[in-house]
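Single-letter residue listing:
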Amino acid sequence: MKELQDILDAMEPAEALAALAPQLRKFLSHLDEEARVAFVTGLIDEAGGDKVSSMVHL
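Everything in this summary refers to the structure shown in the same document.

Here is what the cut-offs are and how they apply
- Residues numbered from 1 in each chain as written.
- Predicted model: local features only at pLDDT ≥ 70, side-chain atom pairs only at ≥ 80, totals over all residues.
- Heavy atoms only, no water.
- Salt bridge = Lys/Arg side-chain N within 4 Å of Asp/Glu carboxyl O.
- Helix = DSSP H or I, 4+ residues; strand = E, 2+ residues; numbered from the N terminus.
- Expected span 1.5 Å × (residues − 1).
- Bend = angle between axes of the 7 residues up to and from the residue.

## Notes on the pattern of salt bridges
Working step 1: Counted under the stated rule, the structure contains 1 salt bridge.
Working step 2: Its salt-bridge partner being Lys 2, residue Asp 6 comes within 3.2 Å of it at the nearest N-O pair. Here Asp 6 and its partner Lys 2 are both found in helix H1 (residues 2-9), 4 residues apart, which amounts to about one turn of the helix.

## Concerning helix H2 (residues 13-29)
Quick reminder: α-helices carry 3.6 residues per turn. Residues three or four places apart thus point the same way.
Working step 1: Over its 17 residues, H2 runs 23 Å from end to end, which matches the ideal 24 Å to within 8%, given 1.5 Å per residue.
Working step 2: Along H2, the sharpest kink reaches roughly 40 degrees, centred on Ala 21 and followed within four residues by the proline Pro 22.

Have a look at this one:
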C-alpha cells in the first residue's frame, strides 16, 4: 500500500484521479447504492458542512 501511495503522490492530482478512475468504477459497481453514496459523501464531506443536501442523486 505504501508503494501505491508513493506513486500517487508523485503524480499531478488530475493524473492520479484519471489513473484511479477505472478501478474505482469497478469497485463501486460491486457496492449497493447506499454504500456508494456513503463513499462519495465521505470524499466530499467537510467538517461542519452539509454537502449531502447539495448532492444530486447518484
